[in-house]
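Here are the chains, one letter per residue:
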Amino acid sequence: MSVTQQQVLDALSRVASPRGVPLTNANVLSAISVTDGKVFFSINVDAAEARAWESVRAQAEAAVRAISGVSTAMIALTAERKPGAPQAAPAAHRHAHGVQPASAHRPPQGAASPMSKQAEIPGVAAVIAVASGKGGVGKSTTALNLALGLRDLGLRVGLLDADIYGPSVPRLTGISEKPQLDDGRKMIPIKRFGLSIMSIGFLVEEDTAMIWRGPMVMSAITQMLRDVAWGTLDILVVDMPPGTGDAQLTLAQNVPLKGAVIISTPQDLSLIDARRGLAMFKKVNVPVLGIVENMSYFQCPECGTRSDIFGHGGARHEAERLGVPFLGEIPLHMSIRTTSDEGNPVVASEPDGPHAAIYRAIGTKVRDGLQGAIAAA
Ligand code: ADP
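These figures come from a predicted structure and were not determined experimentally. (Residues numbered from 1 in each chain as written. Predicted model: local features only at pLDDT ≥ 70, side-chain atom pairs only at ≥ 80, totals over all residues. Heavy atoms only, no water.)

A. Highlighting the pairing of strand β5 (residues 157-161). Within β5, five of the five residues are buried, which leaves it mostly tucked inside the rest of the structure. Because side chains alternate across β5, one face comprises the buried residues Val 157, Leu 159 and Asp 161, and the other comprises Gly 158 and Leu 160, equally buried. Examined bridge by bridge, β5 and strand β8 (residues 233-239) share five bridges and lie parallel to one another. Paired with Leu 160 across the bridge in β8 is Val 238. (Buried < 20%, exposed > 50% of the residue type's maximum accessible area, 1.4 Å probe, protein only. Helix = DSSP H or I, 4+ residues; strand = E, 2+ residues; numbered from the N terminus. Pairing = 2+ DSSP bridges.)

B. Structural context of the site of the ligand. In the region of the ligand, 16 residues are neighbours, and Gly 138, Lys 139, Ser 140, Thr 141 and Pro 331 sit closest. Gly 136 places a main-chain nitrogen or oxygen 2.9 Å from an oxygen atom of the ligand. Contacts to the ligand include His 333, whose backbone N or O atom sits 3.1 Å from a nitrogen atom. For the ligand, whose unbound accessible area comes to 560 Å², protein coverage reaches 84%. Looking at the shell around the ligand, the elements with two or more residues in it are α3 (139-152), β10 (288-299), β12 (326-332) and α10 (334-341). Class assignment for the residues of the shell around the ligand results in six nonpolar, eight polar and two charged. (Near = heavy atom within 4 Å. Polar contact = N/O pair within 3.5 Å; in protein donor to acceptor, adjacent residues only side chain to side chain. Areas by Shrake-Rupley, 256 points an atom, 1.4 Å probe, with all protein chains shown as cover. Nonpolar A, V, L, I, M, F, W, Y, C, P; charged D, E, K, R; others polar.)

C. A look at the environment of Ala 60. Take Ala 60: it is sitting in helix α2 (residues 50-65). With relative accessibility at 0%, the residue Ala 60 sits in the buried group. When the C-alpha positions of Ala 60 and Leu 23 are compared, they lie 8.4 Å apart, and in sequence the two are 37 residues distant. Each residue touching Ala 60, except ones within four places of it in the same chain, is listed here: Leu 12, Val 15, Leu 23, Ile 43 and Ile 75. (Contact = heavy atoms within 4.5 Å.)

D. Expanded view of the side chain of Glu 318. As for its placement among the helices and strands, Glu 318 is situated in helix α9 (residues 314-322). A distance of 2.5 Å separates a polar atom in the side chain of Glu 318 from a polar atom in the side chain of Arg 275. Beyond its immediate chain neighbours, meaning those up to four positions away, Glu 318 contacts Leu 271 and Arg 275.

E. Here's a closer look at the side chain of Glu 293. Its place among the elements puts Glu 293 in strand β10. Put simply, Glu 293 is tucked away with no salt bridge, and the nearest opposite charge, on Arg 306, sits 6.6 Å away. Within the structure, Glu 293 has its side chain in polar contact with the side chain of Ser 296 (distance 2.6 Å). (Lys, Arg positive; Asp, Glu negative; His and termini not counted. Salt bridge = Lys/Arg side-chain N within 4 Å of Asp/Glu carboxyl O.)

F. Structural detail: α3. The end-to-end C-alpha distance of α3, which contains 14 residues, comes to 20 Å, matching closely the 20 Å that a straight helix rising 1.5 Å per residue would cover. Counting buried positions over the 14 residues of α3 gives 12, a clear majority of the element. Of the residues trailing α3, Gly 154 is marked for its positive phi of about 90°. (Expected span 1.5 Å × (residues − 1).)

G. Highlighting the pairing of strand β4 (residues 124-132). Counting buried residues in β4 gives nine out of nine residues, a clear majority hidden from the surface. Pairing geometry for β4 and β8, over six bridges, is parallel. Paired with Val 124 across the strands is Leu 233, a residue of β8. For β4 and strand β9 (residues 257-264), the ladder comprises six bridges, and the chain directions are parallel. Across the sheet, the residue bridging to Val 130 is Val 261, located in β9.

H. Fine view of the nonpolar core. Counting 86 residues, the largest nonpolar core has Met 198, Trp 230, Leu 236, Val 237, Val 261, Phe 281 and Val 366 as the members making the most contacts within it. Residues contacting Val 366, with those up to four places away along its chain left out, are Ile 128, Leu 146, Leu 150, Val 261, Leu 289 and Leu 327. In this structure, Ala 11, Ile 32, Phe 41 and Val 64 belong to the second largest nonpolar core, which totals 21 residues. (Core = buried A, V, L, I, M, F, W, Y, C linked by side-chain atoms within 4.5 Å.)

So, in structure tokens, the structure goes:
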């Protein structure tokens with residue numbers, strides 16, 4: 001029998017809030033999502049009280065997990081500071097399950113403080129972000145093919161689809177199964193193409209993903225970083241949500257990133273957006289490994305002729321001007337799109353083709369940019 005929202009509410013009514021009233025009467029619960037035995041919601045409290053609520057969050061999670069038929073319970077504690085409230089105590093509030101100090105979901109002031117960085121993920125040598133200033137530039141397609149290019153270099157690679165507003169990795173990889181839990185109740189990433197893959201899209205319906213608010217986004221992503229049994233990885237590629245707003249900035253600030261790759265198309269507008277991406281990572285002291293120009297030129301699928309329909313080379317010049325590495329240019333090519341749409345990315349489906357070679361070359365530069373980090377681990 002499938003789990004109902006009422007069962008979840010009944011279980012939560014037996015958990016007491018710090019002031020003694022049942023959790024369900026404390027006016028702190030978000031909407032509760034229950035799909036296929038997977039339960040998601042957040043407890044939204046004032047930052048000053050976050051510490052007292054952490055054990056309530058843990059009890060709530062235990063209570064929900066104890067319901068027969070529940071396979072995953074992801075319960076985020078989100079702490080919002082009331083205007084004029086005193087500063088919350090520093091990161092002692094933080095818990096692997098997602099208590100964020102209030103500062104974590106506000107735009108950081110200047111450079112990131114070391115306190116605001118999450119600890120490294122055990123077993124993962126380097127986490128890198130693939131980011132873009134706006135949507136639709138091919139960020140997810142590039143993240144996946146780059147991950148495969150890195151795999152081809154003999155590295156152990158994971159892919160985390162953190163694009164919580166529109167997870168596309170399930171479609172790009174053709175994965176429709178749900179992750180299982182291991183003995184330690186961590187989610188086991190799905191193995192496909194030799195990559196360890198995790199996406200919020202494996203867990204929630206697409207429209208649920210769309211309504212997540214800023215603090216919940218961070219909590220969910222923190223949980224996907226921490227509560228997934230990643231195993232030993234050389235590189236974990238994080239497909240970031242597009243854009244450079246508060247959610248992205250918070251993510252860049254809180255995920256223990258060793259570097260970032262910015263995807264841009266040649267059009268001037270997206271270069272302006274790419275510049276914003278660069279500025280964002282600079283602000284939080286994450287090294288930019290370089291810029292990739294996607295849809296750089298049109299390559300005719302029939303005759304292979306190249307046309308620079310967007311005026312090409314902008315990203316290379318921009319990278320030079322800004323003093324960041326230029327990682328390579330990827331053509332706008334039918335087979336990159338069709339293979340993505342079929343859930344069989346081009347590096348996997350046409351490993352000997354010209355596009356796979358381009359992604360591998362970009363992967364080589366990324367690996368070289370991270371060399372210290374990978375070797376040190
Ligand atoms: P984003 O993650 O930036 O929103 P996607 O990776 O989802 O972008 O790509 C948007 C669309 O563009 C998809 O249909 C994808 O197949 C297509 N696409 C991405 N890169 C290329 C490319 N180099 N050549 C052809 N189509 C591409």
